[in-house]
Amino acid sequence: MPLARSLSMTSLNGLPQWEDEDLPVEDLLLFEVSWEVTNKVGGIYTVIQTKARTTADEWGENYFLVGPYFEHNVKTQVEACEPPNPAVKKAMDTMKSQGCQLSCQFDDKPNIIAHFHEWQAGVGLILSRSQKLPVATIFTTHATLLGRYLCAASIDFYNNLEQFDIDKEAGERQIYHRYCMERASVHCAHVFTTVSQITAIEAEHMLKRNPDVVTPNGLNIKKFSAMHEFQNLHSMYKARIQEFIRGHFYGHLDFSLEKTLFFFIAGRYEFSNKGADMFLEALSRLNFLLRVHKTDVTVVVFFIMPAKTNNFNVETLKGQAVRKQLWDTAQSVKEKFGKKLYNALLKGEIPDLNKILDRDDITIMKRAIFSTQRHCLPPVTTHNMIDDGNDPILNTIRRIGLFNNRTDRVKVILHPEFLSSTSPLLPLDYEEFVRGCHLGVFPSYYEPWGYTPAECTVMGIPSVTTNLSGFGCFMQEHVADPAAYGIYIVDRRFRSPDESCNQLTQFLYGFCQQSRRQRIIQRNRTERLSDLLDWRYLGRYYMHARHLALSRTFPDKFEMEPSAPLKTEGFRYPRPSSVPPSPSVSQHSSPHHSEGEDEDEDERYDEDEEAKRDRQNIKSPFSLGVLPQGKKKQHGEYRN
């Protein structure tokens, strides 16, 4: 099924022009309503939190976020203050005196835009329209309610979109009333938006309305002063992950950590929707390939997916204790050795290495070696799972036999808790952990956007995504050769599951065959894509949605050209000049080269030249500065 688009996203030139004066923000109020305002449940929290600064820069004190009141969230994320706007203050006073009944009888009525996210906030939208309030309404669905439920049931969703009896499916899953609220919100809104082209197709069939605007999700991009600082961060946090590996695999550490790659998958524990099932199957095939080809590369894979647990696994805690004890022993012996060596050199003597360590030192080291002996395999999970026998990840690991044997080139670690810098096992925050890994793998079947690969991209870490995720579709549209920039896109829409799994396996195996030099070059390219995901660029789609809502609600005050996708070639990051043009020898399809080819690539690769070409392909971010009063936007000023 072709991807139909409601608004061109191929370039900034696809946005219709706003020919009138800039929006009179001082005469407007913008309310953004969501269940995840200061209430972290999922990705919508990240959308609102990261977008708030850009929106506040544009709207100032006329921008308000509305969400649920939870005492523990208010204490840590909210600073109490009096509302600066008199109309809002009057409304809040009315609510305090009359419960939740809101009166709109203001002497000076401002024009209001209310933006509602997801069905939980849709009640306000429906009531606003039923009471005919003069409010421009926008509704954004980040994922359709029924779509998520259907995909979780392992149904062939995207090939049967036209076949579903929507009311029947919602009723059978006991979500009919929530579904009705979501659908009513969609049809009541002046402007309906969704976060990706793939979700737009889904909404057309599940909610029976085509989105007016596609509003991709962005991030606040932190740029480093030093060109390669993110590479240094990768090296630093990789060393801390290696320390955890030394403890977790004590007694079985017969592989080189310098030739070990760290892969990970993270997110909600949705086994099929997040692609954990396909990832595990691909890891089994990858393990076979690495063993058959007798490669010296080892892959350690982390599953960071929260599940119900009792506590830390005793064997895992013991591993970290053994590692720390060995470190203390080595430091003690090193200190004694250093003193004896120092004294001998002061006397002008070359020390007798056979005498520099006494019997006590030898005994201490023998005890240390004895303590590393292990009579069981390294644990697959770091915690005690409450329902171990029915856990889908553990059951799949049992089926494919990835038990961290010595002969396995792929090792698996399930960490069923969110990461924290205070953890006694792996004391890293999520961002630090991501920076220390080599590859994020997210072969999702249902992923309306996909913040996890986006976060990898802005941190310069390559990732695997799919053409069923909003992020994957976005990158396919904006980047000529995503794999060359470290964005591997698995085709899960037009291929069978087995073919998709083979493609994922080839991506993983190809990545394992890359040299350290090639991985460094690829991380540089990946990090350069971060500008594409900055809210300074993507925020313009939300701006367009607000313009459109005002023109439909108050046509006498706000005019807008009818929105029609303009036919433009758009901008696309080019294939890097250092990547061979032939697919048969391209880096991402066959990254294993001879020494001579590596030398040629070093000569061919010029990072500064590539970066300069990329900057020419992505234009400067849109300026949110306020125009002088009375000055109109010139034709083309909204273009990138």
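Predicted, not measured: the structure shown is a model, and the values here were computed from it.

A. Structural context of the overall build of the protein chain. Looking only at helices and strands, the protein chain has 21 helices and 14 strands in total. Sequence-distant contacts, at least 24 apart, represent 75% of the contacts inside the protein chain between residues at least 6 apart.

B. Representation of helix H10 (residues 276-292) in the model. Compared with an ideal rise of 1.5 Å per residue, which puts 17 residues at 24 Å, H10 spans 24 Å between its outermost C-alpha atoms and is within 8% of the ideal. Packed against the buried residues of H10 are strand S7 (260-266), strand S8 (298-304), helix H13 (392-400), strand S11 (410-415), strand S12 (439-441) and helix H17 (497-512). Downstream of H10 by a residue or two, Lys 294 has a phi angle that is positive, lying close to 50°.

C. Region of interest: the pairing of strand S14 (residues 487-490). Side chains Ile 487 and Ile 489 of S14 all project onto a buried face; the interleaved residues Tyr 488 and Val 490 project onto the opposite face, where all are buried too. Where strand S13 (residues 463-466) meets S14, four bridges bridge the pair, whose relative direction is parallel. Directly across from Ser 463, in S14, lies its bridge partner Ile 487.

D. Summary view of the nonpolar core. Counting residues in hydrophobic clusters, the biggest one holds 91 residues, and the most contacted among them are Ile 245, Phe 263, Phe 302 and Phe 303. In terms of residue count, the dominant contributor to this core is H10 (nine residues). Contact partners of Phe 263, with chain neighbours within four places excluded, come to Leu 286, Val 299, Val 300, Val 301, Phe 302, Leu 439, Val 441, Leu 508, Phe 511 and Cys 512. Ranked by size, the runner-up nonpolar core spans 38 residues in total, among them Leu 29, Phe 116, Ala 143 and Leu 468.

E. Geometry of the confidence of the model for the protein chain. Considering every residue of the protein chain, the mean pLDDT works out to 83; 81% of them sit at 70 or more. With pLDDT under 50 throughout, residues 1-21 is counted as low confidence; its partners more than four residues away or in other chains account for 84 contacts. Throughout residues 582-603 the model reports pLDDT below 50, and contacts reaching past four residues in sequence, or to other chains, amount to 33 contacts.

F. Inspection of the packing of aromatic side chains at higher detail. For the structure on display, the rule yields 22 aromatic pairs. Arranged with centres 6.4 Å apart and planes meeting at 75°, the rings of Tyr 537 and Tyr 541 form a pair that is edge-to-face. Of this pair, Tyr 537 and Tyr 541 both sit in helix H19 (residues 535-553), four residues apart, which is roughly one turn of the helix. In this structure, Tyr 537 and Tyr 541 share a single accessibility class: buried. Above the plane of the ring of Phe 554 lies Lys 557, whose end atom (NZ or CZ) is 5.9 Å from the centre.

G. Quick look at the side chain of Glu 447. With respect to the helices and strands, the residue Glu 447 is situated in the loop between S12 and helix H15 (451-458). In this structure Glu 447 comes out as buried when scored by relative accessible area, which is 12%. There is a polar contact of 3.1 Å between the side chain of Glu 447 and the side chain of Lys 274.

H. Local environment of H13. All of the buried residues in H13 are Ile 393, Leu 394, Thr 396, Ile 397 and Ile 400. Down the axis of H13, the smallest arc covering the buried residues is 160°, so these residues share one side. In this structure, the buried residues of H13 make contact with H10, S8, strand S10 (383-385) and S11. Here H13 starts with a cap whose side-chain oxygen sits 3.2 Å from the backbone nitrogen of Ile 393, and that cap is Asp 391. Trailing H13 by a residue or two, Gly 401 shows a phi angle of about 75°, which is positive.

I. Highlighting the pairing of S8. Counting buried positions over the seven residues of S8 gives seven, a clear majority of the element. Residues Thr 298, Val 300, Phe 302 and Ile 304 of S8 are buried on one face, and the alternating residues Val 299, Val 301 and Phe 303, pointing to the opposite face, are buried as well. The pairing of S7 with S8 spans seven bridges and is parallel. Residue pairing in the sheet places Thr 260 in a bridge with Thr 298 of S8. The parallel pair S7 and S8 is bridged by H10, and the resulting crossover is right-handed. Summarising the sheet, S8 and S11 pair through six bridges and their orientation is parallel. Its bridge partner being in S11, Val 301 is matched across the sheet by Val 412.

J. Spatial organisation of the sheet that holds strand S4 (residues 135-141). Across the sheet, which stays open at both edges, the six strands sit in the order S2-S1-S3-S4-S5-S6 with parallel pairing between neighbours. In the strand order of this sheet, the two ends are held by strand S2 (63-66) and strand S6 (213-214), each with one partner. Pairing between strand S1 (residues 28-33) and S2: four bridges, direction parallel. Among the inter-strand pairings, Val 33 is bridged to a residue of S2, identified as Val 66. Helix H4 (residues 122-130) contacts strand S3 (111-117) and S4 of the sheet and is inclined by roughly 145° relative to S4.

Analysis parameters
Residues numbered from 1 in each chain as written. Predicted model: local features only at pLDDT ≥ 70, side-chain atom pairs only at ≥ 80, totals over all residues. Heavy atoms only, no water. Helix = DSSP H or I, 4+ residues; strand = E, 2+ residues; numbered from the N terminus. Contact = heavy atoms within 4.5 Å. Expected span 1.5 Å × (residues − 1). Buried < 20%, exposed > 50% of the residue type's maximum accessible area, 1.4 Å probe, protein only. Pairing = 2+ DSSP bridges. Core = buried A, V, L, I, M, F, W, Y, C linked by side-chain atoms within 4.5 Å. pLDDT = per-residue confidence, 0-100. Phe/Tyr/Trp six-rings, centres within 6.5 Å; stacked < 30°, edge-to-face > 60°. Lys NZ or Arg CZ within 6 Å of the ring centre and 35° of its normal. Polar contact = N/O pair within 3.5 Å; in protein donor to acceptor, adjacent residues only side chain to side chain. Arc of directions from axis to C-beta. Right-handed = clockwise from strand over helix to strand, strands pointing away. Axes fitted to C-alpha atoms, helices over the stretch in contact; angles between N-to-C directions.

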